[in-house]
Amino acid sequence: MGSSSGSPPSWASEPCIMGIDEAGRGPVLGPMVYGCLYCALSYQHKLSSLNFADSKTLKEDKREELFENLKTDDSIGWATDIIDPRELSAKMLNKVKVNLNEISHDSAMGLVSRVLGLGVLLTEVYVDTVGDAEKYRIKLSGKFPGIKFVVAKKADSLYPVVSGASIVAKVTRDGALRDWVLEEVAESMNRNFGSGYPGDPATKAWLDHHKHMVFGFPSLVRFSWATCNPYFKDIVEVICDRYCVLGVPKQATNRGHASPSDIATWAHMTLQESDATDDEGCSTGNGKRQLKLGSVGFTGVKRKTEDIESSGKGRCKFFHSRKLEQVIHFS
């Protein structure tokens with residue numbers, strides 16, 4: 001019984017157990033996925049015979065096979081929460097920052113709430129820990145006082161119900177990454193990004209090839225990751241038709257008030273009353289260099305109404321989709 005099912009299973013009124021695990025916490029590319037698997041407590045003994053195991057110890061074809069098997073098992077329910085890389089970065093770089101542990105906790109609690117909302121009588125929930133296991137257990141118990149929580153390191157290796165959740169999360173993330181549609185339009189873009197982990201040479205090469213001196217990286221990238229910092233050394237001022245993106249003053253980063261990756265939250269757009277020059281490069285009254293986007297790798301930038309988000313804030317779609325905020329004052 002999948003995550004899209006809106007009706008409770010026939011065994012929902014029985015005491016039920018649930019396992020929760022994640023996939024994609026460490027990569028610099030793609031979404032982080034939280035998955036859960038739940039069943040009647042009376043079915044728990046059967047889980048051990050289904051050959052579930054920590055998804056990291058299984059080959060891809062075996063994970064896919066097990067996922068297909070559990071999807072057709074009416075005695076098992078499952079659900080996922082796919083957290084977009086743009087959401088991860090926006091939260092971690094927001095004025096009021098939300099760290100990855102908090103994002104993970106919120107996702108796990110969201111899955112518990114969703115399954116309870118289906119009318120499933122959850123009595124025990126097993127969770128692979130994020131951060132201090134005991135503090136996490138107390139937090140979960142405070143939110144859901146009627147449920148017994150077991151939070152442990154490597155829970156995906158200890159409890160079959162968490163092993164099943166691990167498979168749900170991993171297969172879902174692999175599919176999301178495999179089917180990811182790159183929204184950006186630029187020359188020489190490719191999908192040879194490897195595993196997405198910071199230490200993968202293929203991933204490093206892909207990041208280097210796809211970095212942009214103004215916009216950073218495609219939306220597949222979690223630009224809040226420290227891995228991205230070395231790529232943000234040079235900042236320029238850019239005119240995008242009637243909108244202007246102001247580069248962050250270098251002294252702001254030199255003073256330690258912000259990391260280079262914070263450039264994404266400092267995008268400041270100013271409405272230009274006059275038409276932009278057709279020259280590839282020009283100078284403003286204060287002598288700062290300005291570049292047209294067409295000269296630095298992004299194609300198809302035109303003054304069309306469909307290219308501008310009518311949000312009342314004058315945001316280009318690029319900035320609106322990344323939930324970037326307008327900032328007036330720099331510290």
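Here is a short report on the structure shown in this document. (Residues numbered from 1 in each chain as written. Predicted model: local features only at pLDDT ≥ 70, side-chain atom pairs only at ≥ 80, totals over all residues. Heavy atoms only, no water.)

1. Things to note about the state of the cysteines
And step 1. One pass over the full model with this rule turns up zero disulfides.
And step 2. Sulfur of C39: no disulfide; nearest cysteine sulfur belongs to C16 and is 7.2 Å away. (Disulfide = S-S within 2.5 Å.)

2. Describing the packing of helix α4 (residues 100-117) against helix α5 (residues 133-143)
How two helices pack is summed up by the angle between their axes together with the distance between the axes.
And step 1. One can describe the packing of α4 onto α5 by two numbers: an axis separation of 11 Å at closest approach and a directional angle of 40°. By the angle between their directions, the pair α4 and α5 is classed as oblique. Handedness of the α4/α5 crossing: right-handed. Of α5, the residues touching α4 (which contributes S104, H105, A108 and M109) are Y136, K139, L140 and K143.
And step 2. Looking at the contact of α4 with α5 residue by residue, the class counts come to four nonpolar, two polar and two charged. (Axes fitted to C-alpha atoms, helices over the stretch in contact; angles between N-to-C directions. Helix = DSSP H or I, 4+ residues; strand = E, 2+ residues; numbered from the N terminus. Parallel < 35°, antiparallel > 145°, perpendicular 65-115°, else oblique. Left-handed = near helix turned anticlockwise from the far one by under 90°. Contact = heavy atoms within 4.5 Å. Nonpolar A, V, L, I, M, F, W, Y, C, P; charged D, E, K, R; others polar.)

3. Remarks on the nonpolar core
And step 1. Residues M18, I20, Y38 and L122 are the most contacted members of the largest nonpolar core, which totals 46 residues.
And step 2. Among the secondary structure elements, those contributing two or more residues to this core are β1 (16-23), β2 (32-40), β3 (76-83), α4, β4 (122-128), α5, β5 (148-152) and α8 (201-210).
And step 3. If one sorts the elements of this core by residue count, α4 sits on top with seven residues.
And step 4. F52, L66, Y126 and V161 belong to the second largest nonpolar core, which has 22 residues in total. (Core = buried A, V, L, I, M, F, W, Y, C linked by side-chain atoms within 4.5 Å. Buried < 20%, exposed > 50% of the residue type's maximum accessible area, 1.4 Å probe, protein only.)

4. A few points about the sheet that holds β1
Backbone hydrogen bonds are what pair the strands of a sheet, in a parallel or an antiparallel way.
And step 1. Taken in spatial order, the five strands make up an open sheet running β3-β2-β1-β4-β5, and their pairing is mixed. Looking along the sheet, the strands with just one partner apiece sit at the ends: β3 and β5. Adjacent strand axes in the sheet meet at a mean angle of 15°, parallel and antiparallel pairs treated alike.
And step 2. Examined bridge by bridge, β2 and β3 share eight bridges and lie antiparallel to one another. Residue pairing in the sheet places C39 in a bridge with I76 of β3.
And step 3. The sheet contacts of α4 involve β1, β2, β3 and β4, and relative to β2 the element is tilted by about 35°. (Pairing = 2+ DSSP bridges.)

5. Side note on the pattern of salt bridges
And step 1. On inspection of all chains with the given rule, the structure shows ten salt bridges.
And step 2. Note that K62 and E65 form a salt bridge whose closest N and O atoms lie 3.8 Å from each other. In this pair, K62 and E65 both sit in helix α2 (residues 60-71), three residues apart, roughly one turn of the helix.
And step 3. In this structure K62 comes out as partly exposed when scored by relative accessible area, which is 29%.
And step 4. Using a relative accessible area of 41% as the deciding quantity, one classes E65 as partly exposed. (Salt bridge = Lys/Arg side-chain N within 4 Å of Asp/Glu carboxyl O.)

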